[in-house]
Amino acid sequence: MAFEYAPAPESRSVVDIAPSYGLFVDGEFRPAEDGKVFKTVSPSSEEVLSEVAQAGQSDVDAAVRAARKAFEKWSALPGAERAKYLFRIARIIQERSRELAVLESLDNGKPIRESRDADLPLVAAHFFYYAGWADKLGHAGFGSDPKPLGVAGQVIPWNFPLLMLAWKIAPALACGNTVVLKPAETTPLSALFFADICRQAGLPKGVVNILTGDGSTGAALVAHPDVNKVAFTGSTEVGKAIARTVAGTEKKLTLELGGKAANIVFEDAPIDQAVEGIVNGIFFNQGHVCCAGSRLLVQESVQDELLEALKRRMSTLRVGDPLDKNTDIGAINSAEQLARIKSLADSGEAEGAERWAPRCELPSTGYWFAPTLFTGVTQAHRIAREEIFGPVLSVLTFRTPAEAVEKANNTPYGLSAGIWTEKGSRILWMADKLRAGVVWANTFNKFDPTSPFGGYKESGFGREGGRHGLEAYLNV
Ligand code: NAD
């Protein structure tokens, strides 16, 4: 007998969202100079959550000016003093984590289980980790007294709004830089709450500036002549445009772009564990994950057994209200992203792959897509080549380890990969041959602030996290 789940909603009352927000410049919230605003909606209900300012060129100028002014004093502080602010920010994030988790689930659509148990703990851990580096930069392997770069212009996507902010801001501040950050237009709220946390922590004015806006705001920020460092996470297409803007200037650049990871299962793998890893690899965060295991490569001899177990497991996934603690898969972040997922999934069918999804009822308002898998996928299919950035898995098969490596590497991307096998020597052999920045063995989507993360090829360059993550913010 299957048990029924009773609703277990997290309370919304822990978060107080204002009807409107300004830009955070020089320690104050202010409207955009030309008065432009846009709305941010909850993707699970299509309810307008708030109205935020749309920063234009003059706001970008003001924010960069504030960051430049603050840089002089901030960079001259002893590392141990900068660390105190970062530790304070980390502790406030922990104290306010329930509020921030609910906010993130409302604005992004991700399940509260993930925002509460993955995003928020990792956000705090990132600030704690880089706080620890602030007074030890001379021991990081970049010279005895490495210097910061100056003003960092940072642009982030919507899939992990607060976590991507932490990945960008924590190392930048630890190294003595000041920051102008632009969150994605569909998820601006947690960055604005972070601005409030900076005030709560007594962070000097102008050290962190938050500009909400769309791609035009991002483009103005990365092109600003007084920005010394550009850090971008987002699509490969925009990453290429930014690389063109920055080319020929002295700006230092790191790009964290898309991915099409292979999750490779050998016949000797523990099938039940591999199934959990496959589910976590592609359905975590609705598949809105740059390092998602979106291509399953399964050894032919265990294909039937594995697919049967995977379908059984997928049938138990619960899609629905992001604030319900039983929800596994929340809402797709926007109508545009939903349309993109639908069109790529349709192309899979049109090109001859076989589509399967468990029976599941989707809510009538909001943006939803059922967990889906495609079998009979070939290397030439669009669903095997293009990043879908949604809960869609493409299944391919292989016979030998060499064939698995060849298929895994047959992509313009190179961000991550997974290997499932009992054999340690095979893990090492494969990891050496896979052209991916991160290779997980018998697990997937594991993150830790001490571990560097980044890509090869069209997945970008530069590393975030770990000691390596300091390099991008130091003059080395
Ligand atoms: P996107 O590139 O459209 O947008 C990302 C950010 O860039 C947003 O803040 C957007 O406003 C801004 N932007 C848009 N046009 C710009 C321009 N011309 N100049 C400067 N900024 C501009 O991507 P998205 O749809 O928000 O995010 C999804 C993509 O991000 C996926 O491809 C995913 O793989 C990638 N991603 C990568 C990582 C990583 O670490 N490698 C992490 C998360 C997401």
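Residues numbered from 1 in each chain as written. Predicted model: local features only at pLDDT ≥ 70, side-chain atom pairs only at ≥ 80, totals over all residues.

**Q** I would appreciate a short explanation of the overall build of the protein chain in the present structure.
**A** Secondary structure summary: the protein chain contains 15 helices and 18 strands in total. In terms of overall size, the protein chain behaves like a compact globule, its C-alpha atoms giving a radius of gyration of 22 Å where 476 residues would be expected to give roughly 23 Å. For the C-alpha atoms alone, the extent of the protein chain along its principal axes is close to 65 × 50 × 35 Å. Expressed as a percentage of its 476 residues, the buried residues of the protein chain come to 55%. Put simply, 73% of the contacts in the protein chain that link residues at least 6 apart link residues at least 24 apart. (Helix = DSSP H or I, 4+ residues; strand = E, 2+ residues; numbered from the N terminus. Rg over C-alpha atoms; globule rule 2.2 N^0.38 Å. Buried ≥ 20, exposed ≤ 12 C-beta atoms within 10 Å, placed from the backbone. Contact = placed C-beta atoms within 7 Å.)

**Q** I keep staring at the site of the ligand and nothing clicks. Help me out?
**A** Residues in close proximity to the ligand total 29 residues, the closest being Gly 215, Gly 218, Gly 234, Glu 256 and Cys 290. Within the residue set of the shell around the ligand, elements represented by two or more residues are α7 (215–223) and α8 (236–246). The dominant element in the shell around the ligand, judged by the number of residues it contributes, is α7, at 4 residues. Split by residue class, the shell around the ligand holds 14 nonpolar, 10 polar and 5 charged. (Near = placed C-beta within 6 Å. Nonpolar A, V, L, I, M, F, W, Y, C, P; charged D, E, K, R; others polar.)

**Q** Before we go on, may I ask you to explain the confidence of the model for the protein chain in this structure?
**A** On average, the protein chain scores 97 in pLDDT, and the residues at 70 or more come to 100%. Of all the helices and strands in the protein chain, strand β18 (residues 460–461) carries the lowest mean pLDDT, 95, while strand β8 (residues 208–210) carries the highest, 99. (pLDDT = per-residue confidence, 0-100.)

**Q** Just to check I follow, could you spell out the domain arrangement of the protein chain for this structure?
**A** Buried accessible area, meaning the area lost when the parts come together, often serves as the stated size of an interface. Here the domain parsing of the protein chain yields domain 1 (12–257 + 456–475) and domain 2 (262–441). Taking only C-alpha atoms into account, the centre of domain 1 sits 30 Å from that of domain 2. With 22 residues of domain 1 at the contact, the number on the domain 2 side is 28 residues. Elements represented by at least two residues in the side of domain 1 that touches domain 2 include exactly α3 (97–108) and α4 (112–133). (Domains from an automatic or database assignment.)

**Q** Could you clarify how one ought to interpret the sheet that holds strand β17 (residues 438–441) in this entry?
**A** The strands making up a sheet are joined through hydrogen bonds of the backbone, oriented either antiparallel or parallel. The 7 strands lie next to each other as β13-β14-β15-β12-β11-β16-β17, forming an open sheet whose pairing is mixed. The strands lining the two open edges of the sheet, one partner per strand, are β13 (354–356) and β17. Direction aside, neighbouring strands of the sheet carry axes that sit 20° apart on average. Strand direction decides the pairing type here: strand β16 (residues 416–420) and β17, joined by 4 bridges, are parallel. Pairing of Ala 417 across the sheet is with Val 439, part of β17. Here helix α11 (residues 335–350) sits on the sheet in contact with β13, β14 (372–375) and β15 (392–398), set at roughly 130° to β13. (Pairing = 2+ DSSP bridges. Axes fitted to C-alpha atoms, helices over the stretch in contact; angles between N-to-C directions.)

**Q** Would you mind showing me how to read helix α9 (residues 271–283) here?
**A** One turn of the α-helix equals 3.6 residues, which is why residues spaced by three or four share an orientation. Under the 1.5 Å per step criterion, the end-to-end length of α9 is 18 Å for 13 residues, consistent within 8% with the ideal 18 Å. Those residues of α9 that sit buried are Ala 274, Val 275, Gly 277, Ile 278, Val 279, Gly 281, Ile 282 and Phe 283. Buried residues along α9 sit against β11 (262–265), β12 (295–299), α10 (303–314), β15 and β16. Looking at the residues trailing α9, positive phi occurs at Asn 285, about 55°. (Expected span 1.5 Å × (residues − 1).)

**Q** Sorry, what's going on with the sheet that holds strand β4 (residues 37–41) here?
**A** Spatially, β1-β5-β4 is the arrangement adopted by the 3 strands of the open sheet, whose pairing is mixed. Taken across any chain shown, the strands that pair with only one partner, and hence form the sheet edges, are β1 (20–21) and β4. With 5 bridges joining them, β4 and strand β5 (residues 48–53) adopt antiparallel strand pairing. Within the sheet, the bridge partner assigned to Phe 38 lies in β5 and is Val 52.

**Q** Even after reading the chapter, I still don't get the packing of helix α2 (residues 79–95) against helix α6 (residues 189–200), so can you show me in this structure?
**A** For any two helices packed against each other, one specifies the inter-axial angle together with the distance between the axes. At their nearest, the axes of α2 and α6 sit 9 Å apart, and the two run at 125° to each other. Viewed along their axes, α2 and α6 adopt a mutual orientation that is oblique. Judged by the twist between their axes, the crossing of α2 over α6 is right-handed. The segment α2 lies against α6, with Ile 89, Ile 92 and Ile 93 engaging Ile 197, Cys 198 and Gln 200. (Parallel < 35°, antiparallel > 145°, perpendicular 65-115°, else oblique. Left-handed = near helix turned anticlockwise from the far one by under 90°.)

**Q** What am I meant to see in the environment of Phe 389 here?
**A** By the secondary structure assignment, Phe 389 is in the loop between α12 (382–385) and β15. Those residues within four positions of Phe 389 in sequence are excluded, and the remaining contacts are Gly 287, His 288 and Gln 337.

**Q** What is the right way to read the nonpolar core from this model?
**A** Nonpolar side chains tend to gather and get buried jointly when the protein is soluble and globular. In this structure, Leu 86 and Phe 127 are the most contacted members of the largest nonpolar core, which totals 93 residues. At 11 residues, the largest contribution of residues to this core is made by helix α5 (residues 161–174). Each residue touching Leu 86, except ones within four places of it in the same chain, is listed here: Phe 127, Tyr 130, Ala 131, Ala 134, Ala 170, Leu 173 and Ala 174. Of all hydrophobic cores here, the second largest spans 61 residues; its members include Ala 261, Phe 283, Val 298 and Trp 440. (Core = buried A, V, L, I, M, F, W, Y, C linked by C-beta atoms within 7 Å.)

**Q** Looking at this structure, I do not really get the packing of α2 against α4. What am I missing?
**A** Orientation of α2 relative to α4, taken along the N-to-C sense of each, is 165°, at an axis distance of 8 Å. Regarding the angle of α2 to α4, the classification is roughly antiparallel. In the packing of α2 onto α4, the handedness of the crossing is left-handed. Note on element contacts: α4 touches α2 through Val 123, Ala 124, Phe 127, Phe 128, Tyr 130 and Ala 131, opposite Ala 83, Leu 86, Phe 87, Ile 89, Ala 90, Ile 93 and Gln 94. Residue composition of the contact of α2 with α4, grouped by class: 12 nonpolar, 1 polar and no charged.

**Q** Even after reading the chapter, I still don't get unusual backbone geometry, so can you show me in this structure?
**A** Keep in mind that most residues, glycine aside, have a negative phi and that most peptide bonds are trans. Its identity as a non-glycine residue notwithstanding, Gln 286 has a phi of 60°, on the positive side. Its location among the elements puts Gln 286 in the loop between α9 and β12. Overall, the presence of 32 C-beta atoms within 10 Å leaves Gln 286 in the buried class. In this structure, Phe 389 is a non-glycine residue whose phi angle is positive, near 60°. Accessibility expressed as a C-beta count within 10 Å gives 24 for Phe 389, which makes it buried.

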